[in-house]
Amino acid sequence: MKILKSYVNGKWHRADQGLVPTFNPSTEEAIAQVSSSGIDFGAVLRHAHQAGGPALRSLTFAERGALLKDMSKILRGNREELLDLSRQCSGTTLSDGAFDIDGAGGTLAYYAHLSKSSTSNTGLLEGEGVQLARTEAVWGQHLLFPFQGAAVHINAFNFPVWGFGEKAACALLAGMPVITKPATATALVAERAVELIIEAGVLPEGSLQLICGSTGNLLEHLGPQDVIAFTGSADTAMTLRSVVAVSSANPRFNVEADSLNAAIFGGGEGAVGDQTRDLFLRDVLREITQKAGQKCTAVRRILVPADQMDEVERALVAGLETVLTGNPIDPSVHMGPLATADQLDAAIRGVDSLSQSCRIVYGTGKRSDGLGSPVGKGYFFAPTLLACSDADSAPEVHHREVFGPVATLVPYDGTPAEAARIVSLAGGTLVTSLYSDDLDWSRQLIQSVGPSTGRIYVGSEGMANEAPGSGAALPQLMHGGPGRCGGGAELGGWRGVKLYMQRIALQGHRSVVEALNEST
Ligand code: NAP
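Residues numbered from 1 in each chain as written. Predicted model: local features only at pLDDT ≥ 70, side-chain atom pairs only at ≥ 80, totals over all residues. Heavy atoms only, no water.

Caption draft 1: Representation of the site of the ligand in the model. Around the ligand sit 25 residues, and of these Asn155, Thr184, Thr236, Glu401 and His479 come closest. Separating an oxygen atom of the ligand from a side-chain N or O atom of His479 is a distance of 2.7 Å. Burial of the ligand by the protein amounts to 79% of the accessible area it has alone, namely 910 Å². Taken together, the residues of the shell around the ligand break down into 11 nonpolar, 10 polar and 4 charged. (Near = heavy atom within 4 Å. Polar contact = N/O pair within 3.5 Å; in protein donor to acceptor, adjacent residues only side chain to side chain. Areas by Shrake-Rupley, 256 points an atom, 1.4 Å probe, with all protein chains shown as cover. Nonpolar A, V, L, I, M, F, W, Y, C, P; charged D, E, K, R; others polar.)

So, in structure tokens, the structure goes:
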């Protein structure tokens, strides 16, 4: 069976101890073994610091952007192979796999394009200069420079290639070398994506290293010039924060954790037109089933004015009845399995817990067999819709992220204030989507819900035909959210690059400050 390799210190490392098997979630066949034993993690960090960092920082933003363009072309050029590996290790359908793999290629290409908007060498100017005294004798300007350490990227299992690509795009463009660690369960496809890039020889040595398996004592070696970008559960984020070097040396630490996102069907007489209503139903059905609901941005709570609950429930059930769950090797399948046995177990326990205070409207809350897979095999879990009778009598709905094709209908009184109050019960969300053609209603809701969410997606008639769906994290816009989401922020054009840079306030005579700015 294939043993996944790590790429460290300029060579491929294949462990022969501590190997952990990974499985095809549609068939439960073992497909690969993973371990990082034998890696000298201190040396990995030094290699990034001493080889990758200086090489990247000797390039301009535009030159680093050209590297990203090459990476994007490599992923796009090997799309079919990567899609096949994604199906094997993640159980993704063609479109779900493409969401991950094309998403990575697209994000790298976007940042390659963005790099052309900077003529600078290594420093980035931010905002306008400001006069600080009576005359221009004292002037100030914000500037950013890349940290001189390494960017350690720890990714979740659900986006093995996009997670690698979106983080690497920002760090490499800033001028920081990357040490990337995919989640073990789906490392098969991430390993191949990195291997293709390394073997093409497009990146300076030391600027991209890969760890398949545990990060060992890597984090204990981190210093103040390093950056950690972590995506995964809040529990793991807490464990990482408690590593002594992380809390004492204070490397920048970005956390993308979980979220109980809400979709809100607008209130008010005639406030939601037919096209907007259809968009709402389409988006919610996609959010429940895309990647078997294993997306941090998936809709978990569906807020509907109480007097329209029955109608919306019937429409969603009719949509879910058409979903075929099974082995994505069969092209008629719409939704694949959950990624691991543990994820299946957590989804079963999660629905059981939600059903203490909610009614199961559709689904069983149990494992199901999957079309095209042997009976009793595969981590299949059919789409599941629940409903509660009121938001406050079902606290689990606002606290428990069931990471599968599971969402709950929550009635509300149709007012923006009540919708915002219910959204905020989750203590911070990555995305809130609202569907209304009443601008005043949407304005009031945005003002109230804004502080507790990272992104607001306003579905209305004007966007119905081209809407990307609320679950798509786009490179142009910030991705992240407050509170339980981890408080992090990735992507968003140059904002995502600045995660890897130190902001300084430069003060001096205007002519001196401006001359220094020109030469950065
Ligand atoms: P997880 O169990 O927390 O694992 C995340 C990553 O952390 C994996 O690569 C894992 O490696 C690694 N890890 C675990 N313990 C570690 C340790 N002590 N030191 C270093 N690394 C460690 O999360 P998951 O199950 O993969 O992902 C699901 C969660 O991620 C969900 O809650 C979801 O909402 C969240 N998520 C959030 C976003 C976002 O952008 N906000 C995106 C996607 C997913 P191993 O696999 O080797 O254990």
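Caption draft 2: Main features of the environment of Arg57. For Arg57, the location among the structural elements is in helix α1 (residues 41-57). Considered as a pair, Arg57 and Thr122 are 65 residues apart in the sequence and their alpha carbons are 6.6 Å apart. Excluding residues within four positions of it along the chain, Arg57 makes contact with Arg64, Thr122, Pro146, Phe147, Gln148 and Gly175. (Helix = DSSP H or I, 4+ residues; strand = E, 2+ residues; numbered from the N terminus. Contact = heavy atoms within 4.5 Å.)

Caption draft 3: Region of interest: the packing of helix α2 (residues 61-77) against helix α4 (residues 94-114). Their axes nearest at 8 Å, the elements α2 and α4 cross at an angle of 160°. One element, α2, and the other, α4, form an angle in the roughly antiparallel class. Taken as a pair, α2 and α4 cross one another with a handedness that is left-handed. For the pair formed by α2 and α4, the contact residues are Gly65, Leu68, Lys69, Met71, Ser72, Leu75 and Arg76 on the first element and Ala104, Gly105, Gly106, Leu108, Ala109, Tyr111 and Ala112 on the second. For the contact of α2 with α4, the residue count by class is 8 nonpolar, 4 polar and 2 charged. (Axes fitted to C-alpha atoms, helices over the stretch in contact; angles between N-to-C directions. Parallel < 35°, antiparallel > 145°, perpendicular 65-115°, else oblique. Left-handed = near helix turned anticlockwise from the far one by under 90°.)

Caption draft 4: Expanded view of the sheet that holds strand β6 (residues 124-131). Spatial ordering of the open sheet is given by β6-β7-β22, a layout of 3 strands whose pairing is antiparallel. Since the sheet does not close on itself, it has two edges, and those belong to β6 and β22 (501-508), each with one partner. Mean inter-strand twist for the sheet, computed between neighbouring axes without regard to direction, equals 20°. (Pairing = 2+ DSSP bridges.)

Caption draft 5: Main features of the sheet that holds strand β4 (residues 20-23). If you trace the 3 strands from one edge of the open sheet to the other, you get β1-β5-β4, paired in mixed fashion. The two strands at the open ends of the sheet, each matched to only one other strand, are β1 (2-3) and β4. The pairing of β4 with strand β5 (residues 30-34) spans 4 bridges and is classified as antiparallel. Considered in β5, the bridge of Phe23 is made with Ala30.

Caption draft 6: Here's a closer look at the nonpolar core. Judged by nonpolar contacts, the single largest core of 63 residues is most densely connected at Leu68, Met71, Leu75, Tyr111, Ile197, Leu208 and Tyr500. Broken down by element, this core gets its largest block of residues, 10 residues, from helix α5 (residues 160-174). Those residues in contact with Leu208, other than ones at most four positions away along the chain, are Tyr7, Phe164, Val178, Thr180, Val194, Ile197, Ile198 and Leu203. (Core = buried A, V, L, I, M, F, W, Y, C linked by side-chain atoms within 4.5 Å. Buried < 20%, exposed > 50% of the residue type's maximum accessible area, 1.4 Å probe, protein only.)

Caption draft 7: Main features of helix α11 (residues 341-354). With 14 residues, α11 should reach 20 Å at 1.5 Å per residue; the first-to-last C-alpha distance of 20 Å fits that figure. Those residues of α11 not exposed but buried are Gln343, Leu344, Ala347, Gly350, Val351, Ser353 and Leu354. (Expected span 1.5 Å × (residues − 1).)

Caption draft 8: The arrangement of the pattern of salt bridges in detail. Applying the stated criterion across every chain, the model contains 26 salt bridges. Across the salt bridge formed by Lys5 and Glu191, the nearest N and O atoms sit 3.3 Å from each other. Of this pair, Lys5 sits in the loop between β1 and β2 (6-8) while Glu191 is found in helix α6 (residues 187-200), placing the two residues 186 residues apart along the sequence. As far as the burial class goes, Lys5 and Glu191 line up, both buried. (Salt bridge = Lys/Arg side-chain N within 4 Å of Asp/Glu carboxyl O.)

Caption draft 9: Fine view of the packing of α2 against α5. It is the contact of α2 with α5, at a shortest axis distance of 8 Å, that shows an interaxial angle of 160°. Of the possible angle classes, the one that applies to α2 and α5 is roughly antiparallel. Regarding α2 and α5, the two cross each other, and that crossing is right-handed. Contacts from Phe61, Arg64, Gly65, Leu68, Met71 and Leu75 in α2 reach Val161, Phe164, Ala168, Ala169, Leu172, Leu173 and Ala174 in α5. Taken together, the residues that form the contact of α2 with α5 break down as 11 nonpolar, 1 polar and 1 charged.

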